[in-house]
Amino acid sequence: MDCMIIKEKMDDFMDGQLEAACAAAICEHIQKCATCRKRHAIAIRLRETLKALPVPPIDKVFGDRVFRYAVERNKPYRQVLPYLMRIAAAVLFVFAFGYLFQKTPWGVGSGMEAITVSMELRREIRLLFNSEETLANVTFSLELPKGVELEGFGEQRKIVWEGAIEKGSNLLVLPVTAHSLEGGPIIAVLRHGERSKQFTVNVKVTNPVYNDKSANRPHRYEMSIIPT
Amino acid sequence: MDFSIDEGTQAKIYYLEDSRKSTYETLLRPHLNFLFRISYRFYGNRMDAEDLVQDLLVKLYSRKEDLSKVDKMRPWLLRILYRQFVDNSRKKKRSPLGYITRRLEAAEPTPVEMLPDHTSDLEERVCNRMVFSQIREALGLLDKYQRAVISLHDMEGYTLNELEILLEVPLGTLKSRLHRARTKLRCILEKKGTFSV
């Protein structure tokens, strides 16, 4: 039997997938041919090493943490997020928060960004939270200026809810409608334990008759928050 | 008319929620080590393995009523873990964050390198760690399907016939994936000089 054929059939031979006659022929060849014998020995060693590849023990607190997280993630208010994402048919305004919690300085503080919306026209504000790790028990609060409504919340000016942030990107889509020309700041605050981060977006409302092209231009802002 | 919920009803609601939670945990907690081990085989690092288990448990919580109807829990879990792994790998491939994560991980010692070794001979210990590290690196270069089949077949000892049923993947496809995975793995390791003829 040729060495190339042995090379081709080595895996099947070792898996016991070959017919008895073929397996015997290979066995005979391996005994005579030093190269194939070495190849066979290497294949055995590779398989043994693969089986011996160690798996570290599971983290002691992982079990409790992951079950708690699964329950938390399935609470009804968490399901508001995907719902809001689904109804975001058109991208009108995009905001990006960078890493969620900066090591220093802690506490309230951030830049102020501005957007222009047309009165009585539904607009979507997208908040993209990037986090280096999964954070449970994060309190989100959203404060809206007078005359700006979040879809589904009527005239409610302050909306607070608790949730978890996944490692990586977390998208929150906020469909808003301005009912007056007053405008004002939308303040988003994230709290995790003693730490918090605030981001302010100043909303300027224009008359719908006035065709302000900038109102339909997507925006992208970034802010960094890195967990300690 | 008073619509408020009296204390008794409130207590029943909480009790129902607690009992659901406890059934969910009772059924799944015994399999947590198994899920983590297979996930770790798939990814080769703790962070991604824990993420995969977490994603799976989040998904299963919403189907907790079905859990008690599952006849053989472990094979069923393996099947959905595999699907979740394929799904997560697709998502990760689409995300630019994946590349950054990979680069950061490469600079850190792998969990294998940090494990205590029971081999007595120092030279052998160093050699083993190097081989493990090189194999793990080579496994990382396989595609998700190849990694999965080599993890389950060559590391965990499932036969192809078992995997055909467990993963609901045709035998021919599994054979071809395993063949390609081994060939690629050998090729990478030969280039590195780890297992050269």
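Attention here is on the structure that accompanies the text. (Residues numbered from 1 in each chain as written. Chains lettered and ligands numbered in written order. Predicted model: local features only at pLDDT ≥ 70, side-chain atom pairs only at ≥ 80, totals over all residues. Heavy atoms only, no water.)

Looking only at helices and strands, one finds five helices and nine strands in chain A. Listed N to C, the secondary structure of chain A is α-α-α-α-α-β-β-β-β-β-β-β-β-β in terms of helices and strands. Counting over 228 residues, chain A shows a buried share of 47%. Counting contacts in chain A only where the partners sit at least 6 residues apart, residues at least 24 apart contribute 79% of the total. (Helix = DSSP H or I, 4+ residues; strand = E, 2+ residues; numbered from the N terminus. Buried < 20%, exposed > 50% of the residue type's maximum accessible area, 1.4 Å probe, protein only. Contact = heavy atoms within 4.5 Å.)

Glancing now at the interface of chain B and chain A. Contacts between the two partners involve 45 residues from chain B, matched on the other side by 36 residues from chain A. Between chain B and chain A the total buried area reaches about 4,000 Å² when both faces are included, carbon and sulfur atoms providing 67% of it. At the boundary of chain B with chain A, the tally comes to five salt bridges. Across the chain B-chain A interface, the total number found is six residue pairs in polar contact (both at pLDDT 80 or more). Secondary structure elements with two or more residues in the side of chain B that touches chain A: helix H1 (7-28), helix H2 (32-43), helix H3 (46-61), helix H7 (111-114), helix H8 (122-140), helix H9 (144-155) and helix H11 (171-192) of chain B. Among the elements that take part in the side of chain B that touches chain A, H3 of chain B stands out by supplying ten residues, more than any other. Tallied by class, the residues present in the side of chain B that touches chain A amount to 24 nonpolar, seven polar and 14 charged. (Buried area = accessible area lost by both parts, 1.4 Å probe. Salt bridge = Lys/Arg side-chain N within 4 Å of Asp/Glu carboxyl O. Polar contact = N/O pair within 3.5 Å; in protein donor to acceptor, adjacent residues only side chain to side chain. Nonpolar A, V, L, I, M, F, W, Y, C, P; charged D, E, K, R; others polar.)

Summed over the entire model, instances satisfying the criterion amount to 18 salt bridges over all chains. The salt bridge partner of Asp64 of chain A is Arg29 of chain B, with a shortest N-O separation of 2.9 Å. Linking Asp64 of chain A in helix H4 (residues 62-73) with Arg29 of chain B in the loop between H1 and H2, this pair reaches from one chain into another. Using a relative accessible area of 33% as the deciding quantity, one classes Arg29 of chain B as partly exposed.

All right, on to the packing of aromatic side chains then. All told, the structure shown has six aromatic pairs over all chains when counted by the stated rule. Every member of this aromatic cluster is reached through a ring pair, and the members are Phe62 of chain A together with Phe36 and Tyr40 of chain B. (Phe/Tyr/Trp six-rings, centres within 6.5 Å; stacked < 30°, edge-to-face > 60°.)

Our focus in this paragraph is the environment of Asp59 of chain A. Note that Asp59 of chain A resides in the loop between helix H3 (34-52) and H4. Sequence-distant contacts of Asp59 of chain A, defined by excluding residues within four places in its chain, comprise Arg46 and Glu50 of chain B. A distance of 3.1 Å separates a polar atom in the side chain of Asp59 of chain A from the backbone nitrogen of Val61 of chain A.

Residue and element names in this part refer to chain A. Looking at chain direction, strand S4 (residues 135-143) and strand S6 (residues 158-165) are connected through seven bridges and run antiparallel. Directly across from Val138, in S6, lies its bridge partner Gly163. In the sheet, S4 pairs with strand S8 (residues 184-192) via five bridges, with the strands oriented antiparallel. Directly across from Glu143, in S8, lies its bridge partner Ile187. (Pairing = 2+ DSSP bridges.)

With that settled, consider unusual backbone geometry. Glycine aside, negative phi is the norm for most residues, and most peptide bonds take the trans geometry. One non-glycine residue, Glu168 of chain B, lies in the positive phi region at around 60°. You can see Glu168 of chain B is positioned in the loop between helix H10 (160-167) and H11.

Our next topic: H3 of chain B. Residue and element names in this part refer to chain B. The end-to-end C-alpha distance of H3, which contains 16 residues, comes to 22 Å, matching closely the 22 Å that a straight helix rising 1.5 Å per residue would cover. Taken together, the buried positions of H3 are occupied by Asp48, Ala49, Glu50, Leu52, Val53, Gln54, Leu56, Leu57, Val58, Leu60 and Tyr61. Near the N-terminus of H3, the side chain that reaches the backbone nitrogen of Met47, with its oxygen 3.3 Å away, is that of Asn45. (Expected span 1.5 Å × (residues − 1).)

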